[in-house]
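# An overview of the molecular structure
In case you want the letters, here they are:
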Protein chains: 2
Amino acid sequence: MNAPLNGRTQQYHHGDLRRALLNHAAAAISESGVAKVSLRELARRAGVSHAAPTHHFGSREGLLTALAAQGFHALADLMHNAQEQTGDFAEMGVAYVQFALSHPAHFEVMFQPHLHQGDDPALLAAQQRAGELLYGAPTLPGTETRDAGIAAWSLVHGFATLWLSNALPAEQGTPPEQRARQVIRAFLDGRNNGGLAANDS
Amino acid sequence: MNAPLNGRTQQYHHGDLRRALLNHAAAAISESGVAKVSLRELARRAGVSHAAPTHHFGSREGLLTALAAQGFHALADLMHNAQEQTGDFAEMGVAYVQFALSHPAHFEVMFQPHLHQGDDPALLAAQQRAGELLYGAPTLPGTETRDAGIAAWSLVHGFATLWLSNALPAEQGTPPEQRARQVIRAFLDGRNNGGLAANDS
DNA sequence: AGCTGAATCTTGACATTGACAAGATGCCGT
DNA sequence: ACGGCATCTTGTCAATGTCAAGATTCAGCT
């Protein structure tokens, strides 16, 4: 009973409990919200004793901090790819929304500083990396204003947040990415003064 | 020791504990976040026994639900006033941001459905009232698109959220309302195709 | 191979919390 | 005055986060 060999299954000391706990945490949070997630429940799901999580993360705050850091890295990766593949500015916004909707638990934890231990170096590094990608690159096509970048970020962040909060009026089953694209386009169409309207639907 | 007479001080059975608890909750949440707020601590601050809060709100979820409802009503009031006083569309957005920044605890609770008991009639009513004001009125000046309204809401909501998350790059002590105004203007300037640019600074 | 130290996990314990039940207390209308 | 009722208290229980101490496995070194 000591053969992992594939890296995914569990060996005795469980092998890579840290990742397993993070995965279970993400799943549990997206189901029930951060509030209702307990370390002991995660331990149960992972099949370990109740104090095992504490060893890896120090505390509940520590686990959420790790989740947040993981989230910022994942977001940075995704934005990086979107930036290289499609230079399109709108598509970067769509990518941001897609991240939020496909990783709701991470997204929920990432932007609630009260849940973090703010001095964690891993979190700070991840935040900075994501921040540079979000804030360094986005000089909006026609505008050099710093405020326009913040506006764009606010737009996609707000849309994602509102969507996840179920606050947006239901539009008969339109897939979220499409609605995000519409909204972002409604934002961008105003810019680039009217002339060269986007027509690739 | 039985004279309230002014409605603010506490009489014996404390008089209006419900409101007091909501106030303490809002204060505690804006200091330490929702996660670290306990009914018992609120009871202590209010000077009542540990089970008193449960009687008024049924559960922790119930208290947060009441807070959220209160928040939606306050937001609706504020948007209503902003709409009547200044017909300016941008100022309504500024009002939205101002609400979020001046009532961070309410704002934090309002958009986390996991914290609510979703079937609470008071919450549903408050949500609907705010929703009508946020979504019914905002037909953007030059645009009839529904998406533009959502874009505007997303913008201000995202800005407020990011600000409260401390995610926005610090701009040497510029007051938030001013930055909100700048960002909203950066958003609106693009619209109204260039020609009739806004000039009321 | 064998040993030693470190990492990982378990067991046990304690204070705090949310929730419930049952009782006490003050208020209000009749 | 009195009876009903909302309000609040006291007592209790299971669940949780956290800590301490011990057990088990692993990794590196000789």
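Residues numbered from 1 in each chain as written. Chains lettered and ligands numbered in written order. Predicted model: local features only at pLDDT ≥ 70, side-chain atom pairs only at ≥ 80, totals over all residues. Heavy atoms only, no water.

Chain A is annotated in an unreviewed UniProt entry as HTH tetR-type domain-containing protein of Streptomyces natalensis ATCC 27448.

Right, let's get into the nonpolar core. By size, the foremost hydrophobic cluster in this structure holds 120 residues, and its most contacted members are I29, L63 and Y96 of chain A together with I29, L63 and Y96 of chain B. Counting the residues that make up this core, at least three belong to each of domain 1 (13-58) and domain 2 (60-190) of chain B. If sequence neighbours within four positions are ignored, I29 of chain B has contacts with H114 of chain A together with V34, V37, L64, L67, A105, E108 and V109 of chain B. (Core = buried A, V, L, I, M, F, W, Y, C linked by side-chain atoms within 4.5 Å. Buried < 20%, exposed > 50% of the residue type's maximum accessible area, 1.4 Å probe, protein only. Domains from an automatic or database assignment. Contact = heavy atoms within 4.5 Å.)

Another aspect to go through is the UniProt feature "DNA-binding region" (unreviewed entry) in chain A. The sites that carry the UniProt feature "DNA-binding region" (unreviewed entry) are, in the present numbering, residues 38-57 of chain A. Between the C-alpha atoms that bound residues 38-57 of chain A the distance is 13 Å, and the span itself is 70% helix and 0% strand. (UniProt positions renumbered as here; feature names shortened; annotations may be inferred. Helix = DSSP H or I, 4+ residues; strand = E, 2+ residues; numbered from the N terminus.)

Residue and element names in this part refer to chain A. Looking at chain A, pLDDT values average 85 and 83% of them are 70 or higher. In the model, residues 1-11 has pLDDT below 50 throughout and makes eight contacts with residues more than four positions away in sequence or in other chains. Between residues 192-201, whose pLDDT stays under 50, and residues either more than four places distant or in other chains, the model counts seven contacts. (pLDDT = per-residue confidence, 0-100.)

Its volume calculated, the largest pocket comes out at about 760 Å³. Together, 27 residues line the largest pocket, and E108 and Q112 of chain A together with E108, F111 and Q112 of chain B are the ones closest to its centre. Mapped onto the lining of the largest pocket, the elements with two or more residues apiece are α6 (104-110) and α8 (146-164) of chain A together with α1 (17-32), α6 (104-110) and α8 (146-164) of chain B. The dominant element in the lining of the largest pocket, judged by the number of residues it contributes, is α6 of chain B, at four residues. A class-by-class count of the residues in the lining of the largest pocket yields twelve nonpolar, 13 polar and two charged. (1 Å grid on protein atoms, 1.4 Å probe; cavity = no way out; pocket = protein on both sides within 12 Å on 5 of 7 lines; lining within 4 Å. Points joined across faces, edges and corners; volume = space filled by probe spheres on them. Nonpolar A, V, L, I, M, F, W, Y, C, P; charged D, E, K, R; others polar.)

Residue and element names in this part refer to chain A. The final tally for this structure, using the stated rule, is nine aromatic pairs over all chains. Their ring planes at 65 degrees and their centres at 5.8 Å tell us that F72 and F111 sit as a pair that is edge-to-face. Of the two residues, F72 is situated in helix α4 (residues 60-85) and F111 in the loop between α6 and α7 (121-136); the sequence distance between them amounts to 39 residues. Residues F72 and F111 agree in their burial class; the two are buried. Cluster of aromatic residues (ring-pair linked, three or more members): F72, Y96, F107 and F111. (Phe/Tyr/Trp six-rings, centres within 6.5 Å; stacked < 30°, edge-to-face > 60°.)

This part covers helix α5 (residues 89-102) of chain B. Residue and element names in this part refer to chain B. Helix length check: α5, at 14 residues, gives a terminal C-alpha distance of 20 Å against a target of 20 Å (1.5 Å per residue), a fit within 8%. Within the sequence span of α5, burial applies to F89, A90, M92, G93, V94, A95, Y96, V97, F99 and A100. For α5, the capping residue at the N-terminal end is D88, with a side-chain oxygen 3.0 Å from the backbone nitrogen of A90. (Expected span 1.5 Å × (residues − 1). Polar contact = N/O pair within 3.5 Å; in protein donor to acceptor, adjacent residues only side chain to side chain.)

Take the pattern of salt bridges next. As enumerated under the stated definition, the model contains twelve salt bridges over all chains in all. With its nearest N and O atoms 3.7 Å apart, the salt bridge here joins D16 of chain A to R19 of chain A. Classification of D16 of chain A by relative accessible area gives partly exposed; the value is 27%. Close ionic contact of R129 of chain B with D77 of chain B constitutes a salt bridge, the shortest N to O distance being 2.5 Å. With R129 of chain B in helix α7 (residues 121-136) and D77 of chain B in helix α4 (residues 60-85), this residue pair connects regions lying 52 residues apart in the sequence. Under the relative-accessibility criterion, D77 of chain B is labelled partly exposed at 39%. Salt bridges sharing common partners tie together E41, R44 and R45 of chain A. (Salt bridge = Lys/Arg side-chain N within 4 Å of Asp/Glu carboxyl O.)

Next up on the list: the interface of chain B and chain A. The interface is formed by 42 residues belonging to chain B together with 42 residues belonging to chain A. In this assembly, chain B packs against chain A so that about 3,300 Å² is buried in total across both faces, 64% of it on carbon and sulfur atoms. Of all residues in chain B, H114, D147 and L162 of chain B bury the most surface against chain A, accounting for 16% of the area lost on that side. Linking chain B with chain A are two salt bridges, by the criterion used here. A salt bridge links K36 of chain A to E61 of chain B; the shortest N-O distance between them is 3.1 Å. On the surface where chain B and chain A come into contact, there are five residue pairs in polar contact (both at pLDDT 80 or more). Looking at the side of chain B that touches chain A, the elements with two or more residues in it are α1, α8 and α9 (176-190) of chain B. In terms of residue count, α8 of chain B provides more of the side of chain B that touches chain A than any other element does, 13 residues in total. Residue composition of the side of chain B that touches chain A, by class: 19 nonpolar, 14 polar and nine charged. (Buried area = accessible area lost by both parts, 1.4 Å probe.)

As a further point, take the relation of the copies chain B and chain A. In the superposition of chain B on chain A (RMSD 0.0 Å, axial shift 0.0 Å), the rotation amounts to 180 degrees. Read as a symmetry element, the transformation amounts to a two-fold axis. Scanning chain B for the C-alpha nearest the rotation axis identifies G158 of chain B, at a separation of 1.7 Å. Of the residues that chain B buries at the interface, 100% are likewise interface residues in chain A, meaning the two copies contact each other through the same surface. (Least-squares fit on C-alpha atoms with pLDDT ≥ 70 in both.)

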